[in-house]
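Below are the chains, spelled out letter by letter.
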Amino acid sequence: MGPDLVSDVQTLHTVLHRALEEPAEHWLELAIARCAADHAAITTLFPSARRACGGNPVPGWPDWSVDQAVRTRLLLALPLSGEALATTLSDLYHHGDSAERIAVLRALAPLDRHRRLGAAGLPLVRNALRTNDTRIIQAAMGPYAADHLENAAYRQGVLKCAFVGVPLDVVAGLWRRADQELGRMLNDLVRERRAAGRSIRPDVAAAALRLHHRPDPGQELGGEN
Amino acid sequence: MRIFDPHIHMSSRTTDDYEHMREAGIRAVVEPAFWMGQPRTSPATFIDYFDSLLGWEPYRASQFGVRHHCALALNPKEAEDPRCRDVLDLLPRYLVKDGVVAVGEVGYDSMTAAEEEAFQRQLDLAREFDLPVLVHTPHRDKIAGTRRSIDVLREAGLPPERVVIDHLNELTVAMVVEAGHWAGFSIYPETKMDERRMVALLLEYGVERMMVNSAADWGRSDPLKTREVGLAMLASGFSSHDVEALLWHNPAAFYGQSGRLQLDEPEAPAAGDFAGNTVMRGA
């Protein structure tokens, strides 16, 4: 994988600076300043981000939409970290529409890296994995889930992706986290679908095959990531 | 025939309905917040409902190629219930969302003081959030209720073209047209208004500032009634231009006043196709 848009705040800031035109750029600068001065300001700024800045793909970073990147930038501007940050994230997520929830989920990894979020964002990932919205499920199974979800939940997350149609190649950390038990679960899914005479997505069949007799992580030397 | 149903309660409908609607030409809908048939018991259940209108329901609609927006409000009937009224304090948090294109349904059910207070407060919210308003008119004492709604709207000073007054009939349409509001009609299998009577009204009043909807919900109703109106219009000699104005351009213009209406084809869900989607609980 190439470098991540949000691997450092400066890259994100530069890319957004290039992507936005006036008056959106002015809106963002003002919004960043307001969020930095008072974390409560994000309550109204976060939902307005798309109308203010747009929702097209970020030039050069097609996996990200402008509104997702802008919302992530606002979260990084908050003078919060750790548990206090998680409280604000939870409030925004639970009062958010689908696009806002996806943005919160995508921001978890950079906030973990830059704002010491730790495992405090996991309840949101678990909530997202209980939905039936493939966009939200996909956002939940990002790098933050790969780093923090315990084994059983991670396996269930992957299986849910396989089940509802989220492509497995967008699941973060799959080959690093995959173990024998996940291999068994995916192979059972393939067997069930075969028995029912239903089609099997190529990415699911390939992952099931690859994990068929896979040793657990740590038992295999020189494995891929 | 390209159709925008400006008032339909899709949360009460099935995926079969979405399939039939798409086949019938329905490409966009607005789902206003209303009474669920079963009384709610707290503001928290309104939040779940708003979440659904902003999350799950547009997602479900997108899987069938239908654009879904919503109007949010405390409905007239539950405005009377003290257990629910505090939702008015939570509404501002939701009226700012991208998918909200109006405040509604507001208005009267039994014309009580509590209903009127909620009505007026929500007209203030519409002004604050720069949103159009969808006004429900009562099933009982409709003529008096419609007149009083127009009075309240006049006192609130909202521009009349930013308000649609809905569920009208032969006896209530004239005063709404005179006041300069949009006139809304719910076409039902038995009650309210049918397509034959609707065509008679269109012959008398024209199609300008008129909107028809199915208002389909959990009761006896038909989500394809908008198309029935279009067919009845064509059979009565209206041009396809008139039909398109009534069934598409009018609702697009009315809700377009919010600045938040998006009428391009819905984005494809991550799963990629209608056959492999989660609404079918996994392909």
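Criteria and thresholds
- Residues numbered from 1 in each chain as written.
- Chains lettered and ligands numbered in written order.
- Predicted model: local features only at pLDDT ≥ 70, side-chain atom pairs only at ≥ 80, totals over all residues.
- Heavy atoms only, no water.
- UniProt positions renumbered as here; feature names shortened; annotations may be inferred.
- Helix = DSSP H or I, 4+ residues; strand = E, 2+ residues; numbered from the N terminus.
- Rg over C-alpha atoms; globule rule 2.2 N^0.38 Å.
- Buried < 20%, exposed > 50% of the residue type's maximum accessible area, 1.4 Å probe, protein only.
- Areas by Shrake-Rupley, 256 points an atom, 1.4 Å probe, with all protein chains shown as cover.
- Lys, Arg positive; Asp, Glu negative; His and termini not counted.
- Charge placed at Lys NZ, Arg CZ, Asp CG, Glu CD.
- Pairing = 2+ DSSP bridges.
- Axes fitted to C-alpha atoms, helices over the stretch in contact; angles between N-to-C directions.
- Salt bridge = Lys/Arg side-chain N within 4 Å of Asp/Glu carboxyl O.
- 1 Å grid on protein atoms, 1.4 Å probe; cavity = no way out; pocket = protein on both sides within 12 Å on 5 of 7 lines; lining within 4 Å.
- Points joined across faces, edges and corners; volume = space filled by probe spheres on them.
- Nonpolar A, V, L, I, M, F, W, Y, C, P; charged D, E, K, R; others polar.
- Parallel < 35°, antiparallel > 145°, perpendicular 65-115°, else oblique.
- Left-handed = near helix turned anticlockwise from the far one by under 90°.
- Contact = heavy atoms within 4.5 Å.
- Buried area = accessible area lost by both parts, 1.4 Å probe.
- Right-handed = clockwise from strand over helix to strand, strands pointing away.
- Domains from an automatic or database assignment.

As recorded by an unreviewed UniProt entry, chain B carries the name Hydrolase TatD and is attributed to Actinomadura rudentiformis. Database annotation for chain B, UniProt heading Sequence similarities (unreviewed entry): "Belongs to the metallo-dependent hydrolases superfamily."

### Overview of the overall build of chain A
Scanning chain A from N- to C-terminus turns up 13 helices and 2 strands. A compact globule built from 225 residues would reach a C-alpha radius of gyration of about 17 Å, and chain A, at 19 Å, matches this within 12%. With respect to the three principal axes, the spread of C-alpha positions in chain A is 55 × 30 × 30 Å. Expressed as a percentage of the 225 residues in chain A, the buried residues total 49%. Of the accessible surface of chain A, which amounts to about 10,500 Å², a share of 53% is contributed by carbon and sulfur atoms. Counting 26 positive and 26 negative side-chain charges, chain A places the averaged centre of each group 4 Å from the other.

### Here we look at the sheet that holds strand E1 (residues 3-5) of chain B
Two strands in a sheet stick together by hydrogen bonds in their backbones, pointing the same way (parallel) or opposite ways (antiparallel). Residues and elements named next belong to chain B. The 8 strands are arranged E1-E2-E3-E4-E5-E6-E7-E8 in an open sheet whose pairing can be described as parallel. Every interior strand has two partners, whereas the edge strands, E1 and strand E8 (210-213), have only one. Ignoring which end each strand starts from, the neighbouring axes of this sheet average 25° apart. Where strand E6 (residues 163-165) lies against strand E7 (residues 182-186), 2 bridges are found, and the strand directions are parallel. Directly across from valine 164, in E7, lies its bridge partner tryptophan 182.

### Remarks on the pattern of salt bridges
Residues and elements named next belong to chain A. A full pass over the atoms with the stated rule returns 29 salt bridges over all chains. In this structure, arginine 184 and aspartate 188 form a salt bridge, with 2.7 Å as the shortest nitrogen-oxygen distance. Of this pair, arginine 184 and aspartate 188 both sit in helix H12 (residues 180-195), 4 residues apart, roughly one helical turn. Shared partners join several salt bridges into a network, and the residues in it are Glu181, Arg184, Asp188 and Arg191.

### Examining empty space enclosed by the protein
Residues and elements named next belong to chain B. Here the structure, examined in full by the defined rule, presents 1 cavity of 30 Å³ or more. There is about 30 Å³ of room inside the largest cavity. Lining of the largest cavity is provided by Pro6, His7, Leu134, Val164, Asp166, Gly184, Met211, Asn213 and Tyr255. For the lining of the largest cavity, the per-class residue count stands at 5 nonpolar, 3 polar and 1 charged.

### Notes on the packing of helix H9 (residues 195-205) of chain B against helix H10 (residues 225-235) of chain B
Each packed pair of helices is defined by two parameters, the angle between the axes and the distance between the axes. Residues and elements named next belong to chain B. It is at 9 Å that the axes of H9 and H10 come closest, and there the two elements cross at 55°. Judged by the inter-axis angle, H9 sits oblique to H10. Of the two elements, H9 crosses H10, and the hand of that crossing is right-handed. Counted together, Glu195, Met198, Val199 and Leu202 of H9 and Lys225, Glu228, Val229, Ala232 and Met233 of H10 form the full contact between these two elements. When grouped by side-chain class, the residues that make up the contact of H9 with H10 number 6 nonpolar, no polar and 3 charged.

### Brief notes about the interface of chain B and chain A
Listed by partner, the interface residues are 20 residues for chain B and 25 residues for chain A. Carbon and sulfur atoms make up 45% of the area that chain B and chain A hide from each other, which totals about 2,000 Å². Where chain B touches chain A, the interface holds 4 salt bridges. Looking at the side of chain B that touches chain A, the elements with two or more residues in it are helix H2 (43-54), helix H3 (56-62) and helix H5 (87-95) of chain B. Here the residues of the side of chain B that touches chain A sort into 9 nonpolar, 5 polar and 6 charged.

### Re the pairing of strand E5 (residues 133-136) of chain B
Residue and element names in this part refer to chain B. Side-chain alternation along E5 places Val133 and Val135 on one buried face and Leu134 and His136 on a second face that is also buried. Two strands pair when backbone bridges link them, and strand E4 (residues 100-107) and E5 are joined in this way by 4 bridges, in the parallel orientation. Within the sheet, the bridge partner assigned to valine 103 lies in E5 and is valine 133. Where the polypeptide runs from E5 across helix H7 (residues 142-156) and back to E6, its parallel neighbour, the crossover connection is right-handed.

### A short note on the environment of proline 167 of chain A
All names here are of chain A. Along the polypeptide, proline 167 turns up in the loop between helix H10 (151-164) and helix H11 (174-177). Overall, the relative accessible area of 28% leaves proline 167 in the partly exposed class. Residues proline 167 and threonine 14 lie 153 residues apart in sequence; the distance between their C-alpha atoms is 30 Å. Those residues within four positions of proline 167 in sequence are excluded, and the remaining contacts are Gln138, Arg201 and Asp203.

### Looking at the domain arrangement of chain A
In terms of domain boundaries, chain A breaks down into domain 1 (1-119) and domain 2 (150-225). Put simply, the middle of domain 1 of chain A and the middle of domain 2 of chain A, counted by C-alpha atoms, are 31 Å apart.

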